[in-house]
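Topology and contacts: notes
The chain contents come next:
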Amino acid sequence: MTTAPAQTAAVDKRGTPGFWRMFYRRNGRALNAFVTFVLVWAFFAANNPTLFLIPAYYNAFLFSVPATIIMTTALVFVIVSGELDLAFPSVIGAAGGLFMTLVISGVPILPAAALTMLGGAALGTAIGVIIVYGKISSLVATLGLNFFIVGIVNLLAQGKNIESRDSVSTFGYAFFTGKWDIFGLQVPNHFLIAVVWTVLCYVLFRYHRFGIRVQMVGDNPDSARQMGIDIDRIRVGVFVWSGLAAALCGVILVQTANMVWFPTSGKAYLLIALAALFVGGTPTWGGVGTIWGAFFGALTVTLIPSGAVGAGFAGFWTDFIFGLVIILTMVAHRFGGARAR
Amino acid sequence: MAPADIAPGAPIVELRNIVKRFGSVEALSGVSLTVRKGEVLGLLGDNGAGKSTLVKTLAGVHDPDGGEVLVKGRRVSPWTPLAARNAGIETVFQDRALAPQHSIVTNIFMGREITNALGLIRVRKQTDEANRLMREIGFTSKVFNPDSTVGHLSGGERQGVAIARALYNNADVIVLDEPTTALSLTETQKVFRFVRAVKDSGRTVVFIGHNIYHVWDIADRFFVIDRGRMAFEGDKAAFTGADHLIGMMQQLAETGRADTATLRKSA
């Protein structure tokens, strides 16, 4: 190695960061989320090693986690753009209802799922347009729209479930819920779909013009506008993506419930998905975020309730542990990635 | 790389009799400003003199209510931010230029990403281009690479990134709005180095500043605006020194007019 020119060394004492330092700087938040997941798992496993080393113990986990993964990774775009989406639970519910309505009227499952996702994207577009062109705070607007959409769904469903148990034996159903047995661990197809979705989100977020612009709009909207980015279109776009994800969640949820749709479908995901997002290391202030962090955040928050019981804690400990993990990871993320201004 | 269709010293941007009103307030009442190719023009004026209105007019943010804008001798109308950019004028506004949580390369290509047909970023190509631009304006420090986060850079270096971004667009004229305000002496020197590198590449710079000493150090020619009108202008050689310029501006502030008879005839 040749020495740096004396002048540079005298002026600037900061060294060229090494590969791992750069890697951590770029992926610190996702790594923190991964470490959090491993620590939470290890903490539970240490209390009951025999149970936590049985592959079959994770079957239920893999069965229930995909919807959270899909929703959380999509919400990264919304939060990073500087907006907030509280309406996605209602879109999950509405999408499930639309999907089942299509199925019982004779549409096969795969086309019905595709149509439902289009419907979700359309609903997301409507939500985005109301917020962006109505110039309403997304916090307030989506809070109201969530009630409004749930209300309409309830009125249409008249409080009744929709069932189509005959569809359980079709190819489309197997496409979403079929399982692969790997050493006693049953990996369901919808978990694989969630992984593919995460990769898609990752590429879109990090390497596609849309994702980059979402980050620019969230970091400095004035600058983005001056550089010719149509920030209104980007803002509507994040709600379209959120609507698309919510529709996919709705489709998966009714299928994991053996083709039964409840009007309350999706309601439970509001706080879970948002908690997963922040445990996953996407900060609240916008501009930056991490897709893989959201993925591990979703794994963590899904593991906590069942894992706590598996580790031998009484059920009423769950909320306490949940809260503790959220707060501790927030502190950890402060070290991993203070805001650059 | 540098645009070469007009000769150095010839007018590249001309504002003629620009009038701009905001309601009943006339911010600019008939200002004529000529920017010549290859020069560093220092734009000076007190708060409220119309300086920022004039800058925004140059940037295309304001379409003037009267007068006309000519770029390379051709009239451009309507005059919008896009028209200004297409005409080769890039404006770096103080404070609002960059996304601090992102890398140098992401900032340089903001809104103009190099992508393939699917819209995916061509990372290697952007990095190479960013490296080239950073070298061109004299980012010599080994500490930075295009992946460094802008928020970790000093104020002067951030101005450098904003200038590099303007260069990527192949701008003929770069307008810097108060680039050295709130910067330390060392940082100001860095900005000056970037500005000189831009000038050396044959491009034109309009430098707006509060601190007259800063503007004196970097500019070849000065244009002073007062209460919406041009108060006086002159080449650097027309003044005996920075104190001469400051004296005239003080006189302007106190009496409402400056004695232009003290200016030396330019050679």
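Here we summarise the structure given alongside this text.

**Section: the interface of chain B and chain A**
The partner chain A presents 34 residues to the 35 residues of chain B that form the contact. Both sides of the chain B and chain A interface together cover about 3,000 Å² of buried area, and 53% of this is carbon and sulfur. Our count for the chain B to chain A interface comes out at 1 salt bridge. Here glutamate 113 of chain B makes a salt bridge to arginine 213 of chain A, at a shortest N to O gap of 2.8 Å. One can count 13 residue pairs in polar contact (both at pLDDT 80 or more) joining chain B with chain A. Contributions of two or more residues to the side of chain B that touches chain A are made by β6 (89-92) and α5 (155-168) of chain B. At 3 residues, α5 of chain B tops the list of elements feeding residues into the side of chain B that touches chain A.

**What about the sheet that holds strand β7 (residues 173-177) of chain B?**
Residue and element names in this part refer to chain B. Taking strand neighbours across the sheet as the criterion, the 6 strands line up as β6-β7-β8-β3-β9-β10 in an open arrangement whose pairing is mixed. At either margin of the open sheet sits one strand with a lone partner, and together these are β6 and β10 (229-235). The mean inter-strand angle of the sheet, taken between neighbouring strand axes irrespective of direction, is 20°. As judged from the 4 bridges shared by strand β3 (residues 40-45) and strand β8 (residues 204-208), these two strands associate in the parallel manner. Pairing of leucine 43 across the sheet is with isoleucine 208, part of β8. Together, β3, β6, β7, β8 and β9 (221-226) form the strand contacts of helix α1 (residues 51-59), whose direction differs from that of β3 by roughly 140°. Strands β6 and β7 of the sheet are contacted by α5, whose axis makes an angle of about 155° with β7.

Quick notes on the rules
- Residues numbered from 1 in each chain as written.
- Chains lettered and ligands numbered in written order.
- Predicted model: local features only at pLDDT ≥ 70, side-chain atom pairs only at ≥ 80, totals over all residues.
- Heavy atoms only, no water.
- Contact = heavy atoms within 4.5 Å.
- Buried area = accessible area lost by both parts, 1.4 Å probe.
- Salt bridge = Lys/Arg side-chain N within 4 Å of Asp/Glu carboxyl O.
- Polar contact = N/O pair within 3.5 Å; in protein donor to acceptor, adjacent residues only side chain to side chain.
- Helix = DSSP H or I, 4+ residues; strand = E, 2+ residues; numbered from the N terminus.
- Pairing = 2+ DSSP bridges.
- Axes fitted to C-alpha atoms, helices over the stretch in contact; angles between N-to-C directions.

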